[in-house]
Structure formats: structure tokens, C-alpha cells
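Chains, contacts and geometry: an overview
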Amino acid sequence: MTPPSPIVELLLRHETAILSESVEGLTRCRLTGYEAAGIEEARRRFQRLFALLLDSVRERDLEPVLAYAHEIAGQRFSEGVDLQEVQSAINILEEAIWRRVVKEIPPDGLAEALGLVSTVLGVCKDALASTYVALATKRHAASLDMTALFRGTQNRFYTNTTD
């Protein structure tokens, strides 16, 4: 059996603190759609997203997060919550996690830990935005293709030193 990765251990160890910090951050940001839902509902939403993040990191499977993103996009859109508010809520959770990762994960493990968290939550935000835009425009919106942002960097940072 493979031992849990450092990021999984960190998430499990700090789950309560991460969720509490996220709810507090949401309150400080004064996101009206989330204020209307109430603190307990905000905590429940963060718990669900955190559980999906943890499972996605463990299993290396993004399908549940994608399904969740589509689901909440529909819900928040029908509730009249702005896309920016939903994206901000996810960012608040991500920042609470990053603070602990940077503080506790050794430097040689930071890229993997931050990459896993950022990938899962980034895919969630992308699917959420695409679905929200599709609902707002009443037509299909393709997933964002970010590859154009990285042209010219291919193989620039990772060179083969055995040549």
C-alpha cells in the first residue's frame, strides 16, 4: 500500500482550521450571495468542496469535482449569485490551504502539493465559469483553453543535461 502523500496528510490534519478560516474569510469579503445563505450553509459548502478536493488529490480523479462545478454553477446562477462571488469563495478556500502548504511542506514537495491543489480547484473554477457563461448566454461555452498562455515556454525551463 502506498503511503499518503504529504499534501493529503496536511489536508487531513488541518481540515477543521482550513474550513474555519475559509468561513471567516468569506464573512470578511462580504459576498452577498453567501451572506444570504448563512454561515452554516457556507460551512457546509466549503466542507463539500474540501472533501471533493481531498478525494481528487488522493485518487487523481477530477470527474467528481467537474460534476460538482456544473451542479453549483446551475444552483448559483438560478439563485442570482454572481460568478465572481462563487469564484471568490473557491479562492478563499485555496488561499487557506496554500498558507499551510507553504508553511509545512518542504521546498522539494511544494511544486507537487501546490500543483495538485491548484489543478483540482482550477479545473473546478474553469468548469464553473464555462457552465455559468453557458447558462447566461443560453448556449454551450467550451472549456477555456489556456495553452496559448504558455507558448514559447515549452522546454525552456526543463533542459536535457545529458546531451
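I will try to describe carefully the structure that is included in this document. Every chain is numbered independently, its residues counted from 1 as its sequence is written. Given that the model is predicted, a residue must reach a pLDDT of at least 70 before its local features are reported, and side-chain atom pairs must reach 80 or more before they are shown or counted; all residues, however, enter totals for whole chains, interfaces and linings. Each side-chain value is derived from all of the structure's non-hydrogen atoms; neither hydrogens nor water enter the calculation.

Let's talk about the overall build of the protein
Along its length, the protein carries 6 helices and 0 strands. Ordered by position from the N terminus, the helices and strands of the protein form the series α-α-α-α-α-α. For every residue, the accessible area (1.4 Å probe, protein chains only) is compared with the maximum for its type, and the residue is labelled buried under 20%, exposed over 50%, or partly exposed between those bounds. The buried share of the protein, reckoned over its 163 residues, is 39%. Surface accessibility follows the Shrake-Rupley procedure with a 1.4 Å probe radius. Residue values consider only the protein chains on display as shielding. For the protein, the accessible area works out to roughly 10,000 Å², and carbon and sulfur atoms hold 56% of it. Every helix listed is a DSSP run of H or I at least four residues long, and every strand listed is a run of E at least two residues long, numbered separately from the N terminus.

Some thoughts on the pattern of salt bridges
One speaks of a salt bridge when a side-chain nitrogen belonging to Lys or Arg is within 4 Å of a carboxyl oxygen belonging to Asp or Glu. Counted by the stated rule, this structure contains 11 salt bridges. The partner of Glu-21 in a salt bridge is Arg-100, with the nearest N and O atoms 2.7 Å apart. A residue pair is termed long-range when its members are at least 10 positions apart, and Glu-21 in helix H1 (residues 6-29) and Arg-100 in helix H5 (residues 83-104) qualify at 79 residues. The exposure classification of Glu-21 matches that of Arg-100, with both residues buried. Between Arg-44 and Glu-41 there is a salt bridge, with its nearest N and O atoms 2.4 Å apart. With Arg-44 and Glu-41 both in helix H3 (residues 39-59) and 3 residues apart, the pair spans about one turn of that helix. You can call Glu-41 partly exposed: its relative accessible area is 22%.

Quick word on the side chain of Thr-131
Following the sequence through the fold, Thr-131 ends up in helix H6 (residues 107-137). Judged by relative accessible area, Thr-131 falls into the buried class, the value being 16%. Those residues in contact with Thr-131, other than ones at most four positions away along the chain, are His-70 and Ala-73. We call two residues in contact when some of their heavy atoms are within 4.5 Å.

Thoughts on the environment of Arg-99
Relative to the assigned elements, Arg-99 resides in helix H5. The class of Arg-99 is partly exposed, set by a relative accessible area of 46%. Separated by 81 residues in sequence, Arg-99 and Ile-18 place their C-alpha atoms 9.5 Å apart. In protein, a polar contact requires one atom able to donate a hydrogen and another able to accept it; more generally it is a pair of N or O atoms within 3.5 Å, and residues adjacent in sequence count only if both atoms are side-chain atoms. Within the structure, the side chain of Arg-99 is placed 2.4 Å from the side chain of Glu-21, a separation counted as a polar contact.

Digging into the nonpolar core
Of all hydrophobic cores here, the largest spans 41 residues; its most connected members are Ile-7, Leu-11, Leu-26, Phe-46 and Ile-97. Looking at this core, the elements that each hand over two or more residues are H1, H3, helix H4 (63-79), H5 and H6. Apart from the residues within four sequence positions on either side, Leu-26 is in contact with Leu-31, Tyr-34, Ala-42, Phe-46, Ala-89 and Ile-92. In plain words, nonpolar cores are sets of buried Ala, Val, Leu, Ile, Met, Phe, Trp, Tyr and Cys residues tied together by side-chain atoms within 4.5 Å.

A closer look at unusual backbone geometry
One non-glycine residue, Arg-60, lies in positive phi territory at about 55°. Mapping Arg-60 onto the fold places it in the loop between H3 and H4.

Quick look at the side chain of Ser-88
Note that Ser-88 resides in helix H5. Overall, Ser-88 belongs to the buried group, its relative accessible area being 19%. At a separation of 2.8 Å, a polar atom in the side chain of Ser-88 contacts the main-chain carbonyl oxygen of Gln-84.

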